[in-house]
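Residue-level listing of the chains:
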Amino acid sequence: MDRKVKIGIIGSGGIAGAHVRAYKQMPDVEIVGVADVIPGKAEEFVHRHELLDAQAFDSHLELLELDLDGVSVCTPNIAHHQTSVDALNAGKHVLVEKPLAITLEQGIEMVQAGKKAEKILTVGFQPRYDPNMKAVKKIVQSELGNVYYVQTGGGRRRGMPGGTFVNKSLAGAGAMADIGCYSLDLALNALDYPKPLSVSAFTSNHFGTNPKYHPEAEKFEVEDFGVALVRLEGGKVLNFKISWAMHADSLGPTLFLGTDAGLKLTPAGSGPWSGVWDGGIGSITMFHDVQGHHTESTIPVQQHQYDIFYEKVRDFVVAIKEDKPAPIPGEEILINQAIIDGILRSSEIGKEVDIEIPEV
Ligand SMILES: NC(=O)c1ccc[n+]([C@@H]2O[C@H](COP(=O)([O-])OP(=O)(O)OC[C@H]3O[C@@H](n4cnc5c(N)ncnc54)[C@H](O)[C@@H]3O)[C@@H](O)[C@H]2O)c1
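Just so it is clear, the structure is predicted and the values come from calculations on it, not from any experiment.

## Quick notes on the overall build of the protein chain
When you go through the protein chain residue by residue, the secondary structure sums to 10 helices and 15 strands. Compactness check: the protein chain gives a C-alpha radius of gyration of 20 Å against a globular reference of 21 Å for 360 residues, within 12% of the reference. Its C-alpha atoms give the protein chain principal-axis dimensions of about 65 × 50 × 40 Å. Looking at the 360 residues of the protein chain, the share that counts as buried comes to 49%. Considering only contacts within the protein chain whose residues lie at least 6 apart along the sequence, 71% involve residues at least 24 apart.

See the structure below:
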């Protein structure tokens, strides 16, 4: 493609600003339109970000009538599905913010729309661009032998969002989907996304619904804590736990236990909103036997200068320009989505549920 890539933004809230900041650093990209359902919000966003050539709309359907190559979907979770399907059906490539969707069925429809349109559907997991995440995957696949147990997740002591993140009609799900999808991606991507078979989950929201802890307690409907045991194909099991708020400083490290070695990861950062993987990896330790001795090896954490958010947005643009496959394909993230869907179903009925992902 020897012209500028034409981009539209759907949803003009907080994260849309990060997408725009990334696109604006790219001389080969022009942002031609922005849409938001709140009347006047897209217009205000266009002015604030000095998007001089961009048109503003109150509906994504009007935006999709423009001559666009791709869109960033930056709406609350619940609207990822419809806006992405509409964009793909209109022949636009899609970078959708995480989580992919709320239910597995929505995720399947999104992937099907992408396949039918032969357009990119990629999911915004910027931690994939962290060199330490790449190093973890390499170690898991080369040093550990047969990995049979993974424990992941994370816990903020106090880190509950508000606004569009806490009621079911906009967020669809709480901590399990919001920050949990990153943990799932960290663990499952390292294992090349094995298929989940069943899940038994428990969720609660004792903090979010208590005005002592959350200013919007009266409209807080999603989970602020959850734990799930997920059986994976190939004789593996995943123990997944997440909290937005709790009376503890940690829900434990991420562990990969293999037949030859084990790997322990702790998240970077400190403070009430830390303890999860969107802030990067703080330490990596490998447990193995060397000449018959129990050995702990500290793997250096690379201090990098990458703007991983920029990298994810750039990879989307490069895929459009060079006709490449989706950098983080929706099809792969369907597995992540299937687990979140299973957790919501299992916690609702209080029993283990089967997970079946149809061929798409
Ligand atoms: N990758 C990251 O680091 C990261 C960080 C924060 C949020 N997110 C994700 O980004 C998404 C948005 O989060 P946010 O913090 O920007 O939320 P936000 O509430 O600040 O913004 C969302 C905007 O979308 C608009 N909207 C809702 N439905 C729409 C529709 N159908 N069409 C057009 N606009 C619509 C809302 O009016 C709002 O202005 C969420 O899915 C969240 O999980 C990702």
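Text resumes after the structure shown.
## Some points on the UniProt feature "domain: Gfo/Idh/MocA-like oxidoreductase N-terminal" (unreviewed entry) in the protein chain
Under the local residue numbering, the UniProt record ascribes the feature "domain: Gfo/Idh/MocA-like oxidoreductase N-terminal" (unreviewed entry) to residues 5-125. When the span residues 5-125 is considered, its composition is 39% helix and 24% strand, and the gap between its end C-alpha atoms is 22 Å.

## Some remarks on the site of the ligand
Every one of the 27 residues lining the ligand counts as a neighbour, but G11, G13, G14, E97 and T164 are closest to it. Here the shell around the ligand spans two domains, since at least three of its residues come from each of domain 1 (5-124 + 308-328) and domain 2 (128-305 + 339-354).

## With respect to the sheet that holds strand β9 (residues 225-232)
Spatially, β14-β13-β12-β11-β7-β10-β9-β8-β15 is the arrangement adopted by the 9 strands of the open sheet, whose pairing is mixed. The open sheet has two free edges, formed respectively by β14 (293-299) and β15 (353-354), since each of these has just one partner strand. When strand β7 (residues 147-155) meets strand β11 (residues 254-258), the two strands line up antiparallel, connected through 4 bridges. Residue Y149 lies in a different strand from β11, and its bridge partner there is L257. Its contacts with the sheet place helix α6 (residues 131-143) against β7, β11, β12 (261-267), β13 (281-290) and β14, and it is angled at close to 15 degrees to β13. Where helix α10 (residues 330-349) meets the sheet, its contacts fall on β8 (196-204), β9 and β15, and the angle it forms with β8 comes to roughly 50 degrees.

## Some remarks on the pairing of β9
Relative to β9, β8 runs antiparallel, the two sharing 8 bridges. What sits directly across from S198, in β9, is R231. The pairing of β9 with strand β10 (residues 236-243) spans 8 bridges and is antiparallel. Of the residues in β10, the one forming a bridge with A228 is F240. In this structure, the hairpin formed by β9 and β10 is closed by a connection of 3 residues, where G234 is found at a positive phi of approximately 85 degrees.

## Brief notes about the environment of P211
Tracing the chain through its elements places P211 in the loop between β8 and β9. Judged by local crowding, P211 falls into the exposed class, with 10 C-beta atoms found within 10 Å. Considering only alpha carbons, one finds P211 and F309, 98 residues apart in sequence, at a separation of 34 Å.

## Structural notes on unusual backbone geometry
Here the bond from K98 into P99 is cis, since omega is -10 degrees, no more than 30 degrees from zero. Along the chain, P99 falls in the loop between β5 (93-97) and α5 (104-117). If you check the backbone angles, D192 has positive phi at about 60 degrees while not being a glycine. Residue D192 is classed as exposed on the basis of its 10 C-beta neighbours within 10 Å. Of note, Q291 is a non-glycine position whose phi angle comes to about 50 degrees, a positive value. Along the chain, Q291 falls in the loop between β13 and β14. By C-beta crowding, Q291 is classed as exposed, having 5 other C-beta atoms within 10 Å.

Rules behind the numbers
Residues numbered from 1 in each chain as written. Predicted model: local features only at pLDDT ≥ 70, side-chain atom pairs only at ≥ 80, totals over all residues. Helix = DSSP H or I, 4+ residues; strand = E, 2+ residues; numbered from the N terminus. Rg over C-alpha atoms; globule rule 2.2 N^0.38 Å. Buried ≥ 20, exposed ≤ 12 C-beta atoms within 10 Å, placed from the backbone. Contact = placed C-beta atoms within 7 Å. UniProt positions renumbered as here; feature names shortened; annotations may be inferred. Near = placed C-beta within 6 Å. Domains from an automatic or database assignment. Pairing = 2+ DSSP bridges. Axes fitted to C-alpha atoms, helices over the stretch in contact; angles between N-to-C directions.

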